[in-house]
There are 2 protein chains.
Amino acid sequence: MKQKIEVASSRPYSIFLGTTLEELGAYLEEKVGRSQHLLIVTHPQVGEYYLERLLKGLSAFRCDVLVVPPGEEEKSLERLSALTSEAVAYGADRHSVVLALGGGVIGDLAGFFASVFMRGIRFVQIPTTLLAQVDSSIGGKTAVNHPAGKNLLGAFYPPLVVWTDFSTLQTLPWEEVQNGLAETIKHAVIADPELFSFLQSHQPEILAWTPEIYKELTVRSLQVKVKLVMEDEKEKGQRMLLNLGHSFGHALETEAAYQEISHGQGVSIGMIAATYLAEARGLINPEEVKSILNLVKGLGLPVSIQGKDPEVLLRLMEADKKNQDGQKVLILPEKIGHALVVRDARDEEILRAWEKVITE
Amino acid sequence: MKQKIEVASSRPYSIFLGTTLEELGAYLEEKVGRSQHLLIVTHPQVGEYYLERLLKGLSAFRCDVLVVPPGEEEKSLERLSALTSEAVAYGADRHSVVLALGGGVIGDLAGFFASVFMRGIRFVQIPTTLLAQVDSSIGGKTAVNHPAGKNLLGAFYPPLVVWTDFSTLQTLPWEEVQNGLAETIKHAVIADPELFSFLQSHQPEILAWTPEIYKELTVRSLQVKVKLVMEDEKEKGQRMLLNLGHSFGHALETEAAYQEISHGQGVSIGMIAATYLAEARGLINPEEVKSILNLVKGLGLPVSIQGKDPEVLLRLMEADKKNQDGQKVLILPEKIGHALVVRDARDEEILRAWEKVITE
């Protein structure tokens with residue numbers, strides 16, 4: 001099953017689903033012309049698994065490979081600088097094309113690199129993780145982290161194309177799958193009650209890693225994102241809903257210096273904290289809170305964390321990009337399939353929400 | 001005399017000429033609303049001279065000042081990172097507005113910072129040098145340098161407005177004036193024979209630093225730039241002509257690590273090298289070569305440099321952003337007021353041109 005989704009944006013692009021890595025070359029020959037210079041940015045393990053298959057289709061191009069060490073800490077200005085040196089050494093110019101072969105870290109980093117190298121060169125997203133396929137490869141957000149905050153420096157920079165080969169999920173470690181599941185639950189909670197029911201009723205197949213279920217889950221999940229992104233490319237309104245769980249989650253990730261906690265774990269706990277805050281406000285009914293809690297737990301994701309200091313986490317939320325005039329801006333679920341942007345949350349309420357997800 | 005020039009671009013903006021620093025506040029109150037948070041990025045000396053006047057008009061805003069040490073070497077990723085930390089510490093958010101008060105370094109750096117901070121916040125150019133007023137504040141190019149090349153990382157990011165107060169030129173050191181004169185001569189050579197004649201016939205007043213002459217020179221010079229930029233915002237064609245002298249000049253600046261040679265000196269010598277290359281090809285006649293040489297010398301700018309190695313400079317031209325598929329792309333004057341993009345220059349010819357501008 002091949003599928004093509006067109007994304008309207010300042011620079012429209014296509015998402016291809018169910019295509020193979022080997023087929024990308026033929027598409028690029030048509031799109032950018034033969035014998036262009038390609039800079040393939042990838043992760044060591046992903047490169048080992050998939051580079052050969054990708055290169056098989058790229059014989060018409062001059063290809064250089066830039067391998068980025070694993071880890072969220074590589075989404076940094078230092079790595080951006082190293083990529084710049086390597087690219088120049090390989091003779092890259094304004095006409096070179098960046099191919100981001102990997103997960104969210106590779107896509108965010110390579111995309112930001114492409115957006116600033118020589119003031120912007122073209123790039124292609126080849127997401128190989130569930131997180132990247134259902135979420136981060138779509139929408140044109142690119143960024144690196146900074147000691148002062150996650151994704152603090154970046155650009156809205158749509159790719160030329162998003163090229164999704166479902167077979168790359170087969171080698172994914174379970175923890176990585178969970179990162180994608182967390183974002184998928186988030187998409188269901190903010191905008192798609194049917195996707196929520198789908199996840200509820202297919203828990204066993206999801207946990208058993210059944211390919212057909214994942215294909216459906218991916219397509220449904222990314223459609224939520226595509227819809228919100230098309231309505232609001234630069235995140236001035238509705239696109240903010242995609243941040244459910246992220247204000248809390250980023251604080252957890254920053255506090256742990258991206259070491260002990262995965263993005264999916266951060267988002268899961270963050271989504272639960274936001275849900276508790278919504279419940280305390282009487283925004284969402286206790287039945288639905290329970291459903292969310294059960295689904296997150298049911299898919300093996302955490303709903304709490306041990307031994308953190310709520311005050312420290314509260315302070316780390318101050319660097320959140322949604323905040324305005326020193327006021328924290330939060331996304332809260334109102335019911336399953338519907339969320340709100342809330343601009344009047346008091347620190348007191350946020351601390352209570354943190355306390356509910358922190359165990360001793 | 002106040003003047004307003006509208007620049008059509010992906011995000012249109014206005015250039016105000018002959019306005020005062022004190023008046024900017026009232027304009028911004030209308031444009032972005034009162035009580036916004038402003039981050040004023042400036043140079044120590046410029047701040048000392050002009051910050052007080054600027055702040056006088058900004059009482060309706062919350063202002064923080066970020067002072068960048070002097071020098072082209074501050075156009076770096078390291079300084080970008082430091083600005084990020086400072087901005088977060090000052091509580092900057094997506095709604096903050098960056099004001100770049102200074103010359104080309106401040107405008108390029110603060111503009112690039114604004115383009116990537118939280119994926120892009122608004123910014124205002126307040127050019128205080130001749131170079132910035134006639135050239136670098138216009139056209140939306142922002143960048144930092146990288147050890148592998150000048151302006152290698154950046155963005156096309158139009159400002160909200162360019163606000164030019166001619167009175168700031170009064171405190172400008174002569175070497176800084178020369179940086180602006182070099183770009184003005186360049187504008188004349190590539191696109192405006194009348195501006196060339198104007199410069200020829202007003203050499204004494206230019207050297208005597210006569211304000212009225214500088215106003216006229218600034219308006220004429222920036223109009224050349226505005227015209228080329230509007231025709232070709234992303235530098236895919238005609239805008240490249242603005243690079244006359246820069247392929248050679250950037251190599252000189254990079255070789256000297258931006259220390260012993262100013263940008264204007266680099267551009268002047270580079271423009272002369274390009275002119276010699278054009279002459280050797282029979283593109284431009286010897287009379288006009290002489291006129292260009294005389295004008296550059298007449299305005300006190302260098303036409304040669306001592307003790308450099310042509311081979312080293314040739315290699316440094318390989319990182320030029322205009323190059324394509326390993327072929328150097330040069331801008332050459334064809335006659336005064338007209339230049340060409342040349343894509344077949346051989347290294348041999350370039351070496352000969354370098355030799356003509358290098359003395360023992």
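Residues numbered from 1 in each chain as written. Chains lettered and ligands numbered in written order. Predicted model: local features only at pLDDT ≥ 70, side-chain atom pairs only at ≥ 80, totals over all residues. Heavy atoms only, no water.

Here we look at the overall build of chain A
So, step 1. Helices and strands together make up the secondary structure of chain A, namely 14 helices and 13 strands.
So, step 2. Its C-alpha radius of gyration of 20 Å places chain A within 12% of the 21 Å reference for a compact globule of 360 residues.
So, step 3. Viewed in the frame of its principal axes, chain A has a C-alpha envelope of about 60 × 40 × 35 Å.
So, step 4. For chain A, with 360 residues in total, the buried portion stands at 62%.
So, step 5. Contacts spanning at least 24 positions in sequence make up 75% of the contacts within chain A whose residues lie at least 6 apart.
So, step 6. Accessible surface for chain A amounts to roughly 13100 Å². Of this, 50% is attributable to carbon and sulfur atoms.
So, step 7. Averaging the locations of the 36 positively and 47 negatively charged side chains of chain A gives two centres separated by 5 Å. (Helix = DSSP H or I, 4+ residues; strand = E, 2+ residues; numbered from the N terminus. Rg over C-alpha atoms; globule rule 2.2 N^0.38 Å. Buried < 20%, exposed > 50% of the residue type's maximum accessible area, 1.4 Å probe, protein only. Contact = heavy atoms within 4.5 Å. Areas by Shrake-Rupley, 256 points an atom, 1.4 Å probe, with all protein chains shown as cover. Lys, Arg positive; Asp, Glu negative; His and termini not counted. Charge placed at Lys NZ, Arg CZ, Asp CG, Glu CD.)

Notes on the interface of chain B and chain A
So, step 1. Facing 34 residues of chain B, the contacting portion of chain A comprises 34 residues.
So, step 2. Carbon and sulfur atoms supply 57% of the area that chain B and chain A bury against each other, a total of about 3100 Å² over both sides.
So, step 3. Three residues, B:R94, B:R119 and B:K321, lead the burial of chain B against chain A; their summed loss comes to 25% of the area buried on that side.
So, step 4. For the pair chain B and chain A, the interface holds two salt bridges.
So, step 5. Across the pair A:R94 and B:E235 runs a salt bridge, and its minimum N-O distance is 3.2 Å.
So, step 6. Our enumeration of links across chain B and chain A arrives at 16 residue pairs in polar contact (both at pLDDT 80 or more). (Buried area = accessible area lost by both parts, 1.4 Å probe. Salt bridge = Lys/Arg side-chain N within 4 Å of Asp/Glu carboxyl O. Polar contact = N/O pair within 3.5 Å; in protein donor to acceptor, adjacent residues only side chain to side chain.)

Here's the deal with the domain arrangement of chain A
You'll often see interface size given as the accessible area lost when the parts meet.
All names here are of chain A.
So, step 1. Each assigned domain of chain A is listed here: domain 1 (3-171) and domain 2 (174-359).
So, step 2. Summed over both partners, the interface of domain 1 with domain 2 comes to about 2800 Å²; 66% of that surface belongs to carbon and sulfur atoms.
So, step 3. Looking only at domain 1, the three residues that lose the most surface to domain 2 are L130, V134 and K150, adding up to 23% of its buried area.
So, step 4. Linking domain 1 with domain 2 are four salt bridges.
So, step 5. Here K186 ties to D135 by a salt bridge, and the two come within 3.8 Å at their closest N and O atoms.
So, step 6. The greatest single-element share of the side of domain 1 that touches domain 2, amounting to six residues, is contributed by helix α5 (residues 130-136). (Domains from an automatic or database assignment.)

Some remarks on the relation of the copies chain B and chain A
So, step 1. In the superposition of chain B on chain A (RMSD 0.0 Å, axial shift 0.0 Å), the rotation amounts to 180°. Viewed as a symmetry operation, the transformation between the two copies matches a two-fold axis. The C-alpha atom lying nearest the rotation axis in chain B is that of B:L77; the distance is 3.6 Å.
So, step 2. Taken as a fraction of all interface residues of chain B, those also at the interface in chain A reach 100%, which identifies the copy contact as same-surface. (Least-squares fit on C-alpha atoms with pLDDT ≥ 70 in both.)

Here we look at the packing of helix α11 (residues 263-280) of chain B against helix α12 (residues 286-298) of chain B
Residue and element names in this part refer to chain B.
So, step 1. Contact geometry for α11 and α12: axes closest at 10 Å, N-to-C directions at 170°. Viewed along their axes, α11 and α12 adopt a mutual orientation that is roughly antiparallel. Within the contact between the two elements, α11 uses S268, M271, I272, T275, Y276 and E279 and α12 uses P286, V289, I292, L293 and V296.
So, step 2. For the contact of α11 with α12, the per-class residue count stands at eight nonpolar, two polar and one charged. (Axes fitted to C-alpha atoms, helices over the stretch in contact; angles between N-to-C directions. Parallel < 35°, antiparallel > 145°, perpendicular 65-115°, else oblique. Nonpolar A, V, L, I, M, F, W, Y, C, P; charged D, E, K, R; others polar.)

Some details on the pairing of strand β12 (residues 338-342) of chain A
All names here are of chain A.
So, step 1. Here strand β11 (residues 330-335) pairs with β12 via five bridges, running antiparallel. Bridge pairing links I331 to V341 in β12.
So, step 2. The turn linking β11 back onto β12 is made up of two residues, and G337 within it adopts a positive phi angle of 100°. (Pairing = 2+ DSSP bridges.)

Focus on unusual backbone geometry
Residues apart from glycine generally show negative phi values, whereas peptide bonds are mostly found in trans.
So, step 1. Unlike most non-glycine residues, A:R119 shows phi in positive territory, near 65°.
So, step 2. By the secondary structure assignment, A:R119 is in the loop between α4 (104-116) and β6 (122-127).
So, step 3. Positive phi, close to 50°, is recorded for B:D325, a residue that is not glycine.
So, step 4. Position of B:D325 among the secondary structure elements: in the loop between α13 (310-316) and β11 (330-335).
So, step 5. For B:D325, a relative accessible area of 54% puts it in the exposed group.

Remarks on the packing of aromatic side chains
So, step 1. This model, assessed by the stated rule, comprises 17 aromatic pairs over all chains.
So, step 2. Ring plane angle 40° and centroid distance 5.3 Å describe the contact between A:Y27 and A:W163, whose orientation is recorded as tilted. Highlighted residues: A:Y27 in helix α1 (residues 24-32) and A:W163 in strand β9 (residues 161-164), separated in sequence by 136 residues.
So, step 3. For the ring pair A:F113 and A:F117, a centre distance of 5.1 Å and an interplane angle of 35° mean the geometry is tilted. Accessibility assignment for this pair places A:F113 and A:F117 in one class, buried.
So, step 4. Site record: aromatic cluster; members linked through ring pairs are A:F16, A:Y27 and A:W163.
So, step 5. Over the ring of A:Y157 we find A:R11; its NZ or CZ atom is 4.5 Å from the centre of that ring.
So, step 6. Sitting above the plane of the B:Y276 ring, B:K356 keeps its charged end 4.5 Å from the centroid. (Phe/Tyr/Trp six-rings, centres within 6.5 Å; stacked < 30°, edge-to-face > 60°. Lys NZ or Arg CZ within 6 Å of the ring centre and 35° of its normal.)

Describing the sheet that holds strand β2 (residues 13-17) of chain A
Residue and element names in this part refer to chain A.
So, step 1. The strand order across the open sheet built from seven strands is β1-β2-β9-β6-β5-β3-β4, with neighbouring strands paired in mixed fashion. Both outer strands of the open sheet, β1 (3-7) and β4 (62-67), are each paired with one neighbouring strand and no more. On average, adjacent strands in this sheet sit at an angle of 20° to one another, irrespective of strand direction.
So, step 2. Both strand β5 (residues 97-102) and β6 contribute to a ladder of six bridges, which runs parallel. Residue A100 lies in a different strand from β6, and its bridge partner there is Q125.

Here we look at the environment of B:I272
Residues and elements named next belong to chain B.
So, step 1. Note on placement: I272 falls in helix α11.
So, step 2. The exposure class of I272 is buried, given its relative accessible area of 1%.
So, step 3. Residues I272 and I331, 59 residues apart in the sequence, show an inter-C-alpha distance of 12 Å.
So, step 4. Non-local contacts of I272, meaning those with residues more than four positions away in its chain, are made with I292, L293, V296, V303 and V357.

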